[in-house]
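# Coordinate analysis (summary)
Listed here are the chains, written in short residue letters.
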Amino acid sequence: MTITVIPRHPALGAEVRGVDMRRPMDSATRQAVVDAWTKHLVLVFPEQEVTDQQHVAFTRNFGEPEIFHQTSLSLRSDRVREIFLVSNVDDNDRLMKPSEPSQKQLSSSRQWHTDSSYRPTPSIGSLLHGIEISRTGGITQFINMYKVYEDLPESLRRQVEGRRARHDFGMLHRITGAPPASPEEQAAMPPVWHPMVRRHPASGRKSLYISSIYNDAVEGLDDGAAQRLIEELSAFAAQPHYMYRHVWEPHDVLMWDNRCTVHAVTPHDPEERRVMHRTTIVGTEPVVAA
Ligand SMILES: [Fe+2]
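Every chain begins its residue count from 1, and numbering advances along the sequence as written. In keeping with the model being predicted, local features are shown solely for residues with a pLDDT of at least 70 and side-chain atom pairs are shown and tallied solely at 80 or more, while totals for entire chains, interfaces and linings include all residues. Side-chain descriptors were evaluated using all non-hydrogen atoms of the structure, hydrogens and water having been removed beforehand.

Helix and strand counts for the protein chain stand at eight helices and 15 strands. Two things to know: the radius of gyration comes from C-alpha atoms, and the globule rule equals 2.2 Å times the number of residues to the power 0.38. For the protein chain, whose C-alpha radius of gyration is 18 Å, the value lies close to the compact-globule estimate of 19 Å for 290 residues. If one aligns the C-alpha atoms of the protein chain with their principal axes, the spans along those axes are about 50 × 40 × 35 Å. Relative accessibility under 20% of the residue-type maximum defines a buried residue, over 50% an exposed one, and the middle range a partly exposed one, all with a 1.4 Å probe and only protein chains included. Here the protein chain holds 290 residues, and 55% of them are scored as buried. Working definition of accessibility: Shrake-Rupley area with a 1.4 Å probe, residue cover restricted to the visible protein chains. Within the structure as shown, the protein chain displays about 12,800 Å² of accessible surface, and the carbon and sulfur contribution to it stands at 50%. His is not counted, nor are the chain ends; Lys and Arg add positive charge and Asp and Glu add negative charge. Just so you know, the charge point we use is NZ for Lys, CZ for Arg, CG for Asp and CD for Glu. Within the protein chain, one finds 33 positive and 37 negative side-chain charges whose respective centroids are separated by 3 Å. Secondary structure counts use DSSP, requiring at least four H or I residues in a row for a helix and at least two E residues in a row for a strand, with both numbered from the N terminus.

Here it is, written out as structure tokens:
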């Protein structure tokens, strides 16, 4: 099977045609997808009406799917436990209110982040299936953090080179008002330190590695200065020439690289159903400083 790759933005993002996620992939096609992913960072696979099981099976072409560690907010599917639920509809098909705990926690995804950076070996990438998509917003935006790193002004570059930032899952509750993790969940996921500039194991390129929702400390800075630095870096990164904005169509599947991109969703009307299922590829090695 041959695939066709059509860039969506000069900085990152490309549509891939010629893949049917419901069927096994041969090794040549798999390699072509990996090559396109390494080059474009975010791949869009249109018209993939997959079941959760097919979604998980497709993910296994690229690594082991992560099992979300937190169970208290029902963000992990009971039926297929590799599926993370990005949804405002509960198991009984009831539209949830923005004030409900799971929705508060999910609201953190409006700020720039990369998935599972709070793990000792953070995720390689994520695959998000738009089942019911929002028409009032809910645009998923991605930034090419290679380019951001390359273009950093000297004043910012000096502050990130050779430095580490702390990533803490517990920060979600502090910034969104969602319930705190249980003592067991906190013990399972203690804060971790990662380099702010990392080298990608496949491309060999350097990128900026930060998170507005998990970074609660930076080496050598007090809390206020650390927060200001992350804000300043995020503001520099969020420029249109580094950004692909994905307007969803039903049954798009997006596959992005968590090592060299950050993403954030735009607000959407809470009265509108939005149901998306995500798999997250487990990281295989610690973050390597560049
Ligand atoms: Fe995310």
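For the rest of this paragraph, the subject is the environment of S203. When you line up the elements, S203 lands in the loop between β9 (197-199) and β10 (206-208). Taking the C-alpha atoms as reference points, S203 and H55, separated by 148 residues in sequence, lie 26 Å from one another. Looking at S203, its side chain comes within polar contact range of the main-chain nitrogen of R205, at 3.1 Å. By the criterion applied in these results, polar contacts are pairs of N or O atoms within 3.5 Å in which, for protein atoms, one can donate a hydrogen and the other can accept it, and in which residues neighboring in sequence qualify only through two side-chain atoms.

The subject of this paragraph is the pattern of salt bridges. Throughout this description, the term salt bridge denotes a Lys or Arg side-chain nitrogen within 4 Å of a carboxyl oxygen of Asp or Glu. With the rule as written, the count across this model stands at 21 salt bridges. Residue R278 pairs with D115 through a salt bridge whose shortest N-O separation is 3.4 Å. Pair noted here: R278 is in strand β15 (residues 275-281) and D115 is in the loop between α3 (101-106) and β5 (125-132), with a separation of 163 residues, a long-range link. A residue is classified by how much of its surface remains accessible, and R278, at 11% relative accessible area, is buried.

So, on to the pairing of β15. Judged by how many residues are buried, β15 sits mostly within the fold: seven of seven residues are covered. Along β15, one buried face is formed by V275, H277, T279 and I281 and the opposite face, lined by M276, R278 and T280, is buried too. At least two DSSP bridges between two strands are needed for those strands to be called paired. Summarising the sheet, strand β4 (residues 84-87) and β15 pair through four bridges and their orientation is antiparallel. Bridge pairing links L85 to H277 in β15. As defined by bridge partners, β5 adjoins β15 across seven bridges and the pair is classed as antiparallel. Directly across from L127, in β15, lies its bridge partner T279.

For the iron ion, every protein donor is listed as H113 (NE2), D115 (OD) and H263 (NE2), and the spread of their distances is 2.2 Å. When the donors of the iron ion are listed by position in the chain, the intervening gaps give H-x1-D-x147-H. Here D115, found in the loop between α3 and β5, pairs with H263, found in strand β14 (residues 261-265); they are 148 residues apart in sequence, far enough to count as distant. Look at H263 and you get buried, because its relative accessible area is 6%. Coordination partners: N, O, S within 2.8 Å of the metal, 3.2 Å for Na, K and Ca; water not considered, so apparent gaps in a site are possible.

A sheet is described by the order of its strands in space; here three strands give the open sequence β8-β7-β11, paired in antiparallel fashion. Each edge of the open sheet carries a strand with a single partner, namely β8 (192-195) and β11 (215-218). Across the sheet, the mean angle from the axis of one strand to that of its neighbour is 35°, orientation sign disregarded. Sheet topology places strand β7 (residues 164-167) next to β8; four bridges connect them, and they run antiparallel. The partner of R166 across the bridge, within β8, is W193. In this analysis, axes come from line fits to C-alpha atoms, helices being fitted only over the stretch in contact, and the angle between any two N-to-C directions falls in the range 0 to 180 degrees.

Okay, the packing of aromatic side chains next. Each aromatic pair joins two rings of Phe, Tyr and Trp (for Trp, the six-membered one) with centres within 6.5 Å, and gets the label stacked for planes under 30 degrees apart, edge-to-face for over 60, and tilted for any other angle. Throughout the structure, instances matching the rule amount to 10 aromatic pairs. Aromatic pair F142 and W256: ring centres 5.1 Å apart, planes at 55°, arrangement tilted. Here W256 lies in strand β13 (residues 253-257) and F142 lies in strand β6 (residues 140-144), a separation of 114 residues in the sequence. One exposure class covers both F142 and W256, and it is buried. Ring geometry for F236 and Y242: centres 6.0 Å apart, planes at 45°, overall tilted.

Let us look at the sheet that holds strand β12 (residues 243-246). Taken together, three strands build an open sheet; the order of strands is β12-β6-β14 and the sheet is antiparallel. In the strand order of this sheet, the two ends are held by β12 and β14, each with one partner. The mean inter-strand angle of the sheet, taken between neighbouring strand axes irrespective of direction, is 20°.

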